[in-house]
Structure formats: structure tokens, C-alpha cells
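Chain by chain, the residues run as shown.
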Amino acid sequence: MAELTTRTIAELRDGFRAGDFSAREIAESYNAAVAAAKSLNAYTVETPNDALAAAEVADRTRGQGGSLAGIPLGIKDLFATKGVDTTAGSHILQGFKPTYESTVTANLRKAGAGMLGKLNMDEFAMGSSNETSHYGPVISPWRRQGSNVGLTPGGSSGGSAAAVAAQIAPGATGTDTGGSIRQPAAFAGICGIKPTYGRCSRWGIVAFASSLDQAGAMGRTVRDCAIMLEAMAGFDPKDSTSLDLPVPQWEASLSSSLAGKRVGIPKEYRIDGVPAEINALWDQGIEWLKDAGATPVEISLPHTKYALPTYYIIAPAEASSNLARYDGVRYGLREEGVKTLDDMYAATRAAGFGEEVKRRIMIGTYVLSAGFYDAYFTKAQRVRALIKQDFRKAFESCDVILTPTAPSAAFGIGETTDPLAMYLNDVFAVPASLAGLPAMSVPGGLDAQGLPLGLHLIGNELDEQMVLNASLAIEERAGFTARPEKWW
Amino acid sequence: MSVTNDQVRHIAKLARIAMSDEELERLLPELNNILGWVEQLGEVNTDGIEPLTAVIDQKLRLREDAITDGDVRDDVLANAPDAQHGFFAVPKVIE
């Protein structure tokens, strides 16, 4: 039943429960689609037997299974999966097979989900184009009209975005440190939500920048993201920043009626150099939310322009500290043939890390070093407090914020070589990350070249529901049904 | 503030990443570009602003002082490049 791969998670779940098809049929359809899409390089490991085993359980216990019974998912390679290679896109973790399972994937398994495989990503989630992966870039299923130039699916959750867009996974996990769910979701014409910091446990997720890292859901529809996120989230005593709160029933509470809601439009997000099409889509988004009953209000987030430089101090600082664990002793790569322990560390890390990861470790080490700590790191944490304060004030006069997701559509592989230019991809995504807020990208339309553009909704702390509801209102009005033409 | 070649060499040493002269040479302008760009934070008046420590306000939890995990030596060693006699093995550090 090849057409099973065209259905949403909600449709698969309901059809499976109604007995229209078996979980095995779903798993087999997806396993076949995954095996036939190798040219996208979206998966680094395929686990068809895992998907089949979960399907078998689902078929045996039909009617009593969890919310994702019978649904096979793609898992970003940042999540530790027991007995299955977990590389974080890095050479230094090549061959690493965790002896434990991350809390988020364990939660998904508890809900009945199976795993189709591990999804390619930028090395240690550091990148916006998937080009920093040691295992080669993911190729987006989308192409510009009349062109066969390979495009990036965005990053760092590029494998996840490409897999969902190409219908080789009904949904996928992602992680977002500074836009790594939302920017690829926008590039690939799918939905992606990052919840409030602390909703999803970080336990068993390879750490990049611990004060920013947050797992989230990527799917074809807003509803699918709500279903997945509900299964992923929840208090975990093993993560000291996990929020000890019940998980709301996000799916059951979905409503696109926004009467009485105010949508904040931050004037500082009208920045130079953004294509007119993106600003036009933003204006269209305002109209759609008005149509759903909401009232637009202009808001000010005065420290917006400082968010990216703040991020590029804090994230590398935390990364340099987190990545100190890759020492060639406990797991992963070890370079032999050097004499001393110190030389072994340095040789292993030189061979195991890619250029962008080294660059960020170097920046992070510098800004944390004696004599510079206050000037860079403490200063950035002060500006971060101001950015947080901006949002706190803004949410006194609005319920949700609407912006574009990214300042461009997907670009070609190899087109952006300057690190700073690459960092600018996350100009709209990073402020919400620094403030720990829930945020989502939802497809809005296509640009003149036929590539997807996303709209970005930012909610107040713990108000994922508002983000989902506003996204749903846009989804219903945008009528985004465009699909990449199959070439792979 | 820009960094010098010697400083980059020192940072690489602190970060335990072996780098050739050519790599250091290439990294120098890249790091200076990024550091020059982040320096715009100097424009922001942060007098009297406490550095942010927790992005979502919450108390650090205390847990019962009880053993909840352990006895997994072989699991811990399973991915070691060199495990011997139940330990991680490293190049000789004492002559």
C-alpha cells in the first residue's frame, strides 16, 4: 500500500485503529520508501526491523496501544538509541552504539512508535545547511523550478526535514538550539515546533549548548506535531532543567478560532536585505490571523539585533565545555601512534571534529578563557537577560508573535561559504531560543522559484497551545499542498 | 579586540585540538571576523542587569540521597576504544 506514505500521522493512527490497514503495512510501506530514497542521504542508518517489531506489537495489541501505536518515525541522530549507531553527524562518534535510550525516544517507544532509522544532521547540530555532517550533506527533495541544482534542506535537523517532506517518514524528531527545527521546516515546506525549554528531557540527547538545546517535533501538519510533541514531552528527574509539569493535551485542545487573541508584530524584524516575497508572506500571515479572529498589534523587541551575536558567544561557550568529553578515552574515535596522553587528546580531536565544530570550540574556549570571560560571556548573559525582558514586556500586550521563519528560501549546496553569512539564517529564530520560548514554523507558500517559505509563531512560556492554534489557523488558510516532484 | 596568531595557538592548546601552522593561519581571520562581529554587544547598556542564569524560572530540585543507578561497568566500557581489565586504558603517563 504505497499510498500509506502520503497520509498524515493522524490519518495513519485513525485508519490503523479503525482496522483499515495494519501497522505492518504502514511499516513496510515506509521501509520500502526509505530504501528507495538513498540519493537524498537523509538517513545515516536504516532500521527497518525496528519499525517492523514495533508494528508487530501494535498489531497484536490493536485498540490498547499508545497514541503512536503503528506509527514509524525518523529519529535525528542526536538522540541516543540503544544498540543503534548514534553519531551526531560527527566522525568522532563514528561507530558509537549507546547502551541506553534517550528519554524522548523512550517516551515515543512507550507511546507505541517504531523507528525507521537515524536521520542525518549537521555535525553536533552546528550548522544551517547540513553541510557540516561528516556523512555528507542531505539533499533537499525540493528543487528550483526548471533546475536540478541540489539544494540544502536547512539545518541542523536537515535529515528530519527532508525525510518528512519526501514522505520517507510520517514525522521525525528534531532538536533546536538556535533554529535547528524551524529553519529546516521552513526550507522543506513542513511544520516544526520547538517547545518551551524544559518540556522535553535533554537526557540522552548529545549535548551542544545545554541552556538552549530543546527537542521538538517535525511533521506534515500542525496536528501531527501536536500528537508527536505530546508523546515526547514530560518531566524527567534525570534532567535537572526538566519542567515538573503535566503535559497538556495539545491535540485535543487544537482550535483555529483566535477571537480575542492579539498577534504581536515586532517592528525590529523588518530587516534590510530580506526578499520582498518574504515580507509579503508575512503581511499575508497577518491577514490570515485577522481572518481567524485575531487582532494584530505592533510590538517592540528592542534588543533583537543583538540576539545573534549573543547567541554566537553563549552557544560556542557551552559547546566548548560540552565537547570536552570527546577525549578518545571513553567512547568514539581514538588516534593512535602518538606518544603521550596529551598528544592523544589533541590528535583525536583534530581528526574527529570538522571545521565548523573546531571553529566553535575555539571561539567558545576563547570567550571563556581567563581575562576574557567577563567581557564576552558575562556580557552576553546580561544581553540575554535583556532579550528575555523584551519578550516578557511584549507578551503583556499580545498572545503570540508572528514573524517570517528564515530570511531566505533554501539555498544551493556549497553556495554559502562564509560562516557569518551562514549564521544569519537564524536571525528570526534565535531570539526565541535565547528566551526559552515555544516557537513553530508552518508553511505559508512558495516563492517565485517554487520553493517553500515558512511563517514563524513565538508563544509565551508554556503556551505551546497558542503557538499550535495560531499555526493551525495559518495552515487552514494557506492551503499549502505543494509537494516536491519526485526525482530521487 | 582581535586575536594574534600566538593567541590562536594558545586557544587550540587549551581546547586540545592539534593544528598545523596552515590551519592556524586560516582560522585567524575567521575568528577575528566573528569576534569583531560579536563586539557590537559593547553598544548595549547592561548596567545593573544581572546575567541570565536560568531561561525559565525554576528552583533547582533536590533528590533523595539514594543509589538509583550503577552496577553497569560493562555498559560504561562497551564503547571504549581500549578497555582492559575493567578499566579505560590510556597511553602511558608515568615513565
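Source: prediction; values computed, not measured. (Residues numbered from 1 in each chain as written. Chains lettered and ligands numbered in written order. Predicted model: local features only at pLDDT ≥ 70, side-chain atom pairs only at ≥ 80, totals over all residues.)

## Brief notes about the overall build of chain B
This is how the line gets drawn: In this description a helix means any DSSP run of H or I spanning at least four residues, a strand means any run of E spanning at least two, and both kinds are numbered starting from the N terminus. Only the C-alpha atoms count toward the radius of gyration. The rule for a globule is 2.2 Å times the residue count to the power 0.38. Exposed residues have 12 or fewer other C-beta atoms within 10 Å of their own C-beta, buried residues have 20 or more, and residues in between are partly exposed; the C-beta atoms are placed from the backbone.
When helices and strands are counted, chain B shows three helices and two strands. For 95 residues, the compact-globule estimate of 2.2 N^0.38 gives 12 Å, and chain B exceeds it by more than 25% at 23 Å. Reported as C-alpha extents along the three principal axes, the dimensions of chain B are approximately 55 × 45 × 25 Å. Burial statistics for chain B: of 95 residues in total, 16% are counted as buried.

## Points about the overall build of chain A
As a reminder, the rule being used: Throughout, a pair of residues is in contact if the C-beta atoms placed from their backbones lie within 7 Å.
A count of helices and strands for chain A gives 15 helices and eleven strands. Computed over its C-alpha atoms, the radius of gyration of chain A comes to 21 Å, within 12% of the 23 Å expected for a compact globule of 488 residues. For chain A, the spread of C-alpha atoms along the principal axes amounts to about 65 × 55 × 50 Å. Scored against the burial criterion, the 488 residues of chain A give a buried share of 62%. Here the analysis covers contacts within chain A between residues at least 6 apart in sequence; of these, 77% occur between residues at least 24 apart.

## Topic: unusual backbone geometry
Residue A:Ser156 is reached from A:Gly155 by a cis peptide bond, and omega for that bond is 10°. Take A:Ser156: it is sitting in the loop between strand E3 (114-119) and helix H5 (158-165). For A:Phe124, which is not a glycine, the phi torsion comes out positive at approximately 50°. Mapped onto the elements of the fold, A:Phe124 is located in the loop between E3 and H5. A positive phi angle, near 55°, is found at B:His85, a position not held by glycine. Counting through the fold element by element, B:His85 comes out in the loop between strand E1 (83-84) and strand E2 (87-88). By C-beta crowding, B:His85 is classed as exposed, having 5 other C-beta atoms within 10 Å.

## What to know about the packing of helix H2 (residues 23-35) of chain A against helix H3 (residues 48-60) of chain A
Residues and elements named next belong to chain A. What counts, and what does not: Note on geometry: axes are C-alpha line fits, over the in-contact stretch for helices, and angles between N-to-C directions span 0 to 180 degrees. We call two directions roughly parallel when the angle between them is under 35 degrees, roughly antiparallel when it is over 145, roughly perpendicular when it lies between 65 and 115, and oblique otherwise. By definition, any crossing whose near helix is turned counterclockwise from its far helix by less than a right angle is left-handed, and any crossing with a clockwise turn is right-handed. As a working rule, the residues Ala, Val, Leu, Ile, Met, Phe, Trp, Tyr, Cys and Pro are called nonpolar, Asp, Glu, Lys and Arg charged, and the rest polar, with Gly in that last group.
Close contact between H2 and H3 brings their axes to 8 Å; oriented N to C, the two are set at 165°. By the angle between their directions, the pair H2 and H3 is classed as roughly antiparallel. In terms of crossing hand, the pair formed by H2 and H3 is right-handed. Seen from H2, the contacting residues are Ala 23, Arg 24, Ile 26, Ala 27, Tyr 30 and Asn 31; seen from H3, they are Pro 48, Ala 51, Leu 52, Ala 55, Glu 56, Ala 58 and Asp 59. For the contact of H2 with H3, a count of residues per class yields nine nonpolar, one polar and three charged.

## Some details on the pairing of strand E9 (residues 400-404) of chain A
All names here are of chain A. Inclusion rule: Criterion used throughout: strands pair if DSSP finds at least two bridges between them.
Among the five residues that make up E9, five are buried, leaving the element largely enclosed by the rest of the structure. Of the pairings in the sheet, the one linking strand E7 (residues 262-266) to E9 comprises two bridges and is parallel in character. Within E9, the residue paired with Gly 264 across the bridge is Ile 401.

## With respect to the nonpolar core
Residues and elements named next belong to chain A. Test applied: In these notes, a nonpolar core means any group of buried Ala, Val, Leu, Ile, Met, Phe, Trp, Tyr and Cys residues linked to one another through C-beta atoms within 7 Å.
Grouped together as the largest cluster of nonpolar side chains are 169 residues, with contacts concentrated most on Ala 42, Met 232, Leu 289, Val 400 and Leu 457. Ranked by the residues each element gives to this core, the list is headed by helix H9 (residues 307-322), at nine residues. Once residues lying within four places of it in the same chain are set aside, the contact partners of Ala 42 are Ala 37, Leu 119, Asn 120, Val 138, Gly 159, Ala 162, Ala 163, Ala 166 and Ile 168.

## Quick look at the interface of chain A and chain B
The partner chain B presents 40 residues to the 55 residues of chain A that form the contact. For the side of chain A that touches chain B, the secondary structure elements donating two or more residues are H9, helix H10 (341-352), helix H11 (355-368), helix H12 (373-394) and helix H13 (419-423) of chain A. Take the side of chain A that touches chain B: its biggest share by element is ten residues, from H12(A). Classifying every residue of the side of chain A that touches chain B by side-chain character gives 28 nonpolar, 15 polar and twelve charged.

## Focus: the packing of helix H8 (residues 276-291) of chain A against helix H15 (residues 464-478) of chain A
Residues and elements named next belong to chain A. Axis separation between H8 and H15 bottoms out at 9 Å; the angle between their running directions is 105°. Regarding the angle of H8 to H15, the classification is roughly perpendicular. Residue-level inspection shows Gly 285, Trp 288, Leu 289 and Asp 291 of H8 in contact with H15, the latter providing Ala 470, Ala 473, Ile 474, Arg 477 and Ala 478. Along the lines of polarity and charge, the residues of the contact of H8 with H15 split into six nonpolar, one polar and two charged.

## Here we look at helix H1 (residues 9-18) of chain A
Residues and elements named next belong to chain A. Rule in force here: The arc under discussion is defined with respect to the helix axis, by the directions toward the C-beta atoms.
Residues Ile 9, Leu 12, Arg 13 and Phe 16 constitute the buried set of H1. For H1, the arc enclosing every buried residue in end-on projection is 100°, short of the 170-degree limit, so these residues lie on one face. Opposite the packed face of H1, turned more than 90 degrees from it, sit the exposed residues Asp 14 and Ala 18. Buried residues along H1 sit against H2, strand E4 (171-176), strand E6 (214-219) and helix H7 (222-232). Taken from the residues just after H1, Gly 19 is the one with a positive phi, measuring 85°.

## Structural notes on the pairing of strand E5 (residues 191-194) of chain A
All names here are of chain A. The two faces of E5 match: Cys 191 and Ile 193 on one face and Gly 192 and Lys 194 on the other face are all buried. Bridging between E5 and E6 involves three bridges; their strand directions are antiparallel. Along E6, the bridge assignment pairs Ile 193 with Ala 217. In terms of strand pairing, E5 meets strand E10 (residues 439-446) through three bridges, oriented antiparallel. Within E10, the position partnered with Gly 192 by the bridge is Ser 441.

## Regarding the environment of B:Asn45
All names here are of chain B. Positionally, Asn 45 belongs in the loop between helix H2 (21-38) and helix H3 (73-77). With 9 C-beta atoms packed within 10 Å, Asn 45 lands in the exposed category. Along the backbone, Asn 45 and Leu 60 are 15 residues apart, and their C-alpha atoms lie at a distance of 30 Å.

## Examining the confidence of the model for chain B
Residues and elements named next belong to chain B. Just so we agree on the cut-off: Looking at any residue, its pLDDT shows the predictor's confidence there, from 0 to 100.
Residues at a pLDDT of 70 or more form 98% of chain B, whose mean pLDDT is 94. No element of chain B has a lower mean pLDDT than H2, which averages 95, and none a higher one than E2, which averages 97. For this predicted complex, the interface confidence score (ipTM) comes to 0.96, while the overall pTM stands at 0.97.

## A closer look at the environment of A:Arg13
Among the secondary structure elements, A:Arg13 is positioned in helix H1. Along the chain, A:Arg13 and A:Ile71 lie 58 residues apart, while their C-alpha atoms are 7.0 Å from each other.

## With respect to H7(A)
Residues and elements named next belong to chain A. Of all eleven residues making up H7, eleven are buried, and the element is well covered by its neighbours. Of all the positions in H7, only Val 222, Arg 223, Asp 224, Cys 225, Ala 226, Ile 227, Met 228, Leu 229, Glu 230, Ala 231 and Met 232 are classed as buried. Gly 234 sits one or two residues past H7 and shows a positive phi near 135°.

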